[in-house]
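# Descriptive analysis of the structure
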Amino acid sequence: MISTILLLGTVCSTVTGRIGRVAGTLRRQVLWPIGRTLERLLAPIDRVLDPVADGYNRSLGPYFGEMSGLQFGVIAVSVAGLLTAGTWAPMVGPLLGGGLLRTLALASIWAIFAMSWDIQSGYTGYISFGHSALSGAAGYTTALLIVHVDPTLSIWVTGSVSVLAALVVGLLIALPTLRLEGPYFSLITFVAVLLFYRLTTAFSLLGGIPGFGQPDVFTWDPMVRYYYMAIPMLLIALALTFMARSNLGMILIAIRENEPAVSAAGLNPTKFKLWSFVLSSVPMGIGGVLLVGFTGNVDPSTFVVVDNSIEMIAIAVIGGMSSILGPLGGAFLFEVLNHQVLHGYSTPVRYLFLWLIVLFVLVFARDGLFRAIWHRLGAVRGESE
Amino acid sequence: MSVLEVDNLTKTFGGLVAVDDFSLEVDEGEIVGLIGPNGSGKSTVFNCIMGLYDVTDGEIRFNGEDITSDSTHQIVTKGLSRVSQESNPIDLYSVSENIRLFTLPNSIRSLHGGASDEEIREYAARIDIEDKLHEMPSELPHADVRRLEIAKSLATEPELMLLDEPFAGMNQAEIGALAAQIERFREDGMTMVVVDHNMGGLMELVDRVVVLNNGDFLAAGTPAEIADNDAVQEAYLAGEGL
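None of these values were measured; they are calculated from a predicted model.

Here we come to the overall build of chain A. A tally of helices and strands in chain A yields 18 helices and zero strands. Structurally, chain A occupies a C-alpha span of about 65 × 65 × 55 Å along its principal axes. Sorting the 385 residues of chain A into buried and exposed places 44% on the buried side. Contacts in chain A between residues far apart in sequence, at least 24 positions, make up 76% of those at least 6 positions apart.

Quick look at the structure:
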């Protein structure tokens, strides 16, 4: 028995050692030269864009974070790309299997979820495994209002009440749990979503497995639908970035790194954690309302299942936790891979591949792909000159 | 007038009595040394004052106000600050940002308040690390990390500062420099309680010494009186013997 364990141990250590060497060689002989070439190519662009970025840094930098020329350029191109996707996506889409506008609309919703999760869990380090309970609360509130109250209610009424419902559920989870330390908070959020899931399937009042088909989609026009999802997403990204780059973001990160130090600074950690939950629940609710308008159906597997909560975390991890914009990028990468690049494979195969990517990022790029790219963009001239 | 009054403080952990009916008064502008062998309950007293531990019995007053059941952040806001024995800067933040965190208002609405760069420089200058503001804590030598802890504490604008083993891990020159800086704080009107298990470092700095042993009050007096006190010497010898 012991010799088997020893043998296994030796094999494991040899294999991991070899993987480490291969990764090292790969980094030295492939990635670094590519990186250096890219830097040489990008440095002039960085220099050209510097004056524009300087203007931004002087006016808006203190509120949304300072950027180098290249970083500013990438953000500007990305925002322009998202705003004009209605015109270019139908042309590019067929190359990627079609339906690109649908994927981008879905990615916008998941970006909202991942950014909302990030401002609470990524920043404070209190990892929630139950965020789909919040979007679920919003989705089910919309459905219940339409089914049981008045099918003609305007979206402004059902939407507002639904966002409020997400906030109430968020506070119900947060108030008793945020004083807890270690794994208890995570476990309770996990149990909350399991409870919610069982609740929706246990009582026919909540629609059971098939859920509610009565809510209408916002529109059947793919282009209009995309903008219905993308514009709120960009506004939420703007608002959360503003919050995250303020004192609040600084305090939330300090809570994650060293909560006693926050108390010693005369700051009440519980108050700030609670506020992060509010800042997270409200956009989660908005995302939930948008998801109703996207699918036209409110059921446990679209809204509540714990897989959804884990997917939000995966997206945030891929993009880079505690950066808001990282999870935004992560959502588009995740959804484009899932529905475009891998569209020929069955759902289990696609998810197998996606979870392997998450694992890869966790092992080799723990700070997230987009954060790594962002820092490289910020340093192109620092390292090439 | 007494700034800090600790009355009949008792703290037990399960069956273990860590602090037993201990009282302490600190007057405005003085430096009190709180000494005792390792494990005598000095840090427990500080933890009780700062609201980190629930007090089993007794009362703690700051400027006449009962703070026994306040939480740490409320106590800090009232003007009491503690420099803990362990350095715990936030490694992701520069020295300057670490200090700035301690100046932020306790309000979710204050998104861009806090000290200006100039004010942060002043806090750092009071403990001579103003030329290290842009460095990361992990790049600093031990003595500077300890100074950063004091700068953070200063940034909360305390009336009374509790210093827990401020000289630990420092060499003779660094101890001398830090003692001079602490002396300067007193000249600026700061009241201080300094904990040390070692009597040597404190004797020239403090006005008055209180000795704790096994969680119990043992002796109090001027540094000279304490140095000659037989009971104190015996406690230290017993402690060394363990």
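That shown, we press on.
Facing the 19 residues of chain A at the interface are 19 residues of chain B. If you list the elements that add at least two residues to the side of chain A that touches chain B, you get helix H10 (247-257), helix H11 (259-264) and helix H12 (269-295) of chain A. Of the residues forming the side of chain A that touches chain B, the biggest block, seven residues, is contributed by H10(A). When grouped by side-chain class, the residues that make up the side of chain A that touches chain B number eleven nonpolar, six polar and two charged.

What follows covers helix H9 (residues 222-244) of chain A. Spanning 23 residues, H9(A) covers 32 Å between terminal C-alpha atoms, matching the ideal 33 Å at 1.5 Å per step. Every buried residue belonging to H9(A) is among A:Arg225, A:Tyr226, A:Met229, A:Ala230, A:Met233, A:Ile236, A:Ala237, A:Leu240, A:Thr241, A:Met243 and A:Ala244, and all of these are buried.

Turning next to the confidence of the model for chain B. Per-residue pLDDT for chain B averages 91, and the proportion of residues at 70 or more is 97%. At the level of chain-chain contacts, confidence expressed as ipTM amounts to 0.91, with global pTM at 0.90.

The next point concerns the domain arrangement of chain B. All names here are of chain B. Domain annotation of chain B identifies domain 1 (1-79 + 160-242) and domain 2 (88-157). Between domain 1 and domain 2, the residue contacts involve nine residues of the former and eight residues of the latter. Counting only elements with at least two residues in the side of domain 1 that touches domain 2, the list comes to helix H2 (72-78) and helix H6 (172-187). In terms of residue count, H2 provides more of the side of domain 1 that touches domain 2 than any other element does, three residues in total.

Residues and elements named next belong to chain A. The contact between helix H5 (residues 100-124) and helix H14 (residues 306-319) brings their axes to 9 Å, and the two run at 80°. Taken together, the axes of H5 and H14 lie roughly perpendicular to each other. Only Met-312, Ile-313, Ile-315, Ala-316 and Gly-319 of H14 make contact with H5, whose side of the interface consists of Trp-110, Phe-113, Ala-114, Trp-117, Asp-118 and Gly-122. The residue makeup of the contact of H5 with H14, split by class, is eight nonpolar, two polar and one charged.

Let us now look at the pairing of strand S2 (residues 16-27) of chain B. Residue and element names in this part refer to chain B. Where strand S1 (residues 2-13) lies against S2, eight bridges are found, and the strand directions are antiparallel. The partner of Thr-12 across the bridge, within S2, is Val-17. Here S1 hands over to S2 after two residues, with Gly-14 in that stretch at a positive phi of 60°.

Analysis parameters
Residues numbered from 1 in each chain as written. Chains lettered and ligands numbered in written order. Predicted model: local features only at pLDDT ≥ 70, side-chain atom pairs only at ≥ 80, totals over all residues. Helix = DSSP H or I, 4+ residues; strand = E, 2+ residues; numbered from the N terminus. Buried ≥ 20, exposed ≤ 12 C-beta atoms within 10 Å, placed from the backbone. Contact = placed C-beta atoms within 7 Å. Nonpolar A, V, L, I, M, F, W, Y, C, P; charged D, E, K, R; others polar. Expected span 1.5 Å × (residues − 1). pLDDT = per-residue confidence, 0-100. Domains from an automatic or database assignment. Axes fitted to C-alpha atoms, helices over the stretch in contact; angles between N-to-C directions. Parallel < 35°, antiparallel > 145°, perpendicular 65-115°, else oblique. Pairing = 2+ DSSP bridges.

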